Amino acid sequence: MSVHKAISEHSRKQNQVVMNFLQLEQQREAYIEEAIVLCRQKKPYTTEKINEVTKRINELARKGIAPQRQLVTKEMVEEFVSRSN
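Residues numbered from 1 in each chain as written. Predicted model: local features only at pLDDT ≥ 70, side-chain atom pairs only at ≥ 80, totals over all residues. Heavy atoms only, no water.

1. Re the overall build of the protein chain
A tally of regular secondary structure across the protein chain gives three helices and zero strands. If you list the helices and strands of the protein chain from N to C, you get α-α-α. For 85 residues, the compact-globule estimate of 2.2 N^0.38 gives 12 Å, and the protein chain exceeds it by more than 25% at 17 Å. Along the longest, intermediate and shortest principal axes, the C-alpha atoms of the protein chain span 60 × 20 × 15 Å. Buried positions account for 27% of the 85 residues belonging to the protein chain. Counted over contacts in the protein chain with a minimum sequence separation of 6, partners at least 24 positions apart contribute 61%. Per element, the accessible surface of the protein chain, about 6,300 Å² overall, is 52% carbon and sulfur. (Helix = DSSP H or I, 4+ residues; strand = E, 2+ residues; numbered from the N terminus. Rg over C-alpha atoms; globule rule 2.2 N^0.38 Å. Buried < 20%, exposed > 50% of the residue type's maximum accessible area, 1.4 Å probe, protein only. Contact = heavy atoms within 4.5 Å. Areas by Shrake-Rupley, 256 points an atom, 1.4 Å probe, with all protein chains shown as cover.)

Structural data, given as structure tokens:
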């Protein structure tokens, strides 16, 4: 394989990781917002979906391109809601 093809393939793979990260990050933010809304309404919620996506983001981060994200606890959601009221 030529150097040019190798570089192009490497760039394509990195671009795919970045695109996956952006999609997962958007999904994570939507799940966080959903948890915040439910918490404000004093309705039951979990952080399970948030953390499933977070784990997938962190798998991408291990490839060295995407940043890692912290797992979210119910306490973190409740603290955010109480501070924003």
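2. Here we look at the pattern of salt bridges
Overall, the coordinates contain five salt bridges when judged by the stated rule. Between Glu-29 and Arg-28 there is a salt bridge, with the nearest N and O atoms lying 4.0 Å from each other. Exposure remark for Arg-28: the relative accessible area of 7% places this residue in the buried category. For Lys-49, the salt bridge identified is with Glu-34, shortest N-O distance 2.9 Å. Here Glu-34 lies in helix α1 (residues 3-40) and Lys-49 lies in helix α2 (residues 48-61), a separation of 15 residues in the sequence. Judged by its relative accessible area of 38%, Lys-49 falls in the partly exposed class. (Salt bridge = Lys/Arg side-chain N within 4 Å of Asp/Glu carboxyl O.)

3. Some points on the packing of aromatic side chains
Within this structure, the stated rule accounts for zero aromatic pairs. Sitting over the ring of Tyr-45, Lys-74 keeps its end group 4.7 Å from the ring centre. (Phe/Tyr/Trp six-rings, centres within 6.5 Å; stacked < 30°, edge-to-face > 60°. Lys NZ or Arg CZ within 6 Å of the ring centre and 35° of its normal.)

4. A look at the packing of α1 against α2
Running from N to C, α1 and α2 cross one another at 160°; their axes reach a closest spacing of 9 Å. In terms of their interaxial angle, α1 and α2 are classed as roughly antiparallel. Of the two possible hands of crossing, α1 and α2 adopt the one that is left-handed. Contact residues: α1 offers Val-17, Asn-20, Phe-21, Leu-24, Glu-25, Gln-27, Arg-28, Tyr-31, Ile-32, Glu-34 and Ala-35, while α2 offers Lys-49, Ile-50, Val-53, Thr-54, Arg-56, Ile-57 and Leu-60. Its residues placed into classes, the contact of α1 with α2 shows 10 nonpolar, three polar and five charged. (Axes fitted to C-alpha atoms, helices over the stretch in contact; angles between N-to-C directions. Parallel < 35°, antiparallel > 145°, perpendicular 65-115°, else oblique. Left-handed = near helix turned anticlockwise from the far one by under 90°. Nonpolar A, V, L, I, M, F, W, Y, C, P; charged D, E, K, R; others polar.)

5. Quick word on a nonpolar patch on the surface
On the surface, a nonpolar cluster with roughly 310 Å² of combined accessible area is contributed by Val-18, Met-19, Leu-22 and Ile-65. Relative to the elements of secondary structure, Val-18 occurs in helix α1. Val-18 sits in the partly exposed class, given a relative accessible area of 33%. (Patch = residues over 30% accessible without salt bridge, like charges linked within 9 Å, V, L, I, M, F, W, Y side chains within 5 Å.)

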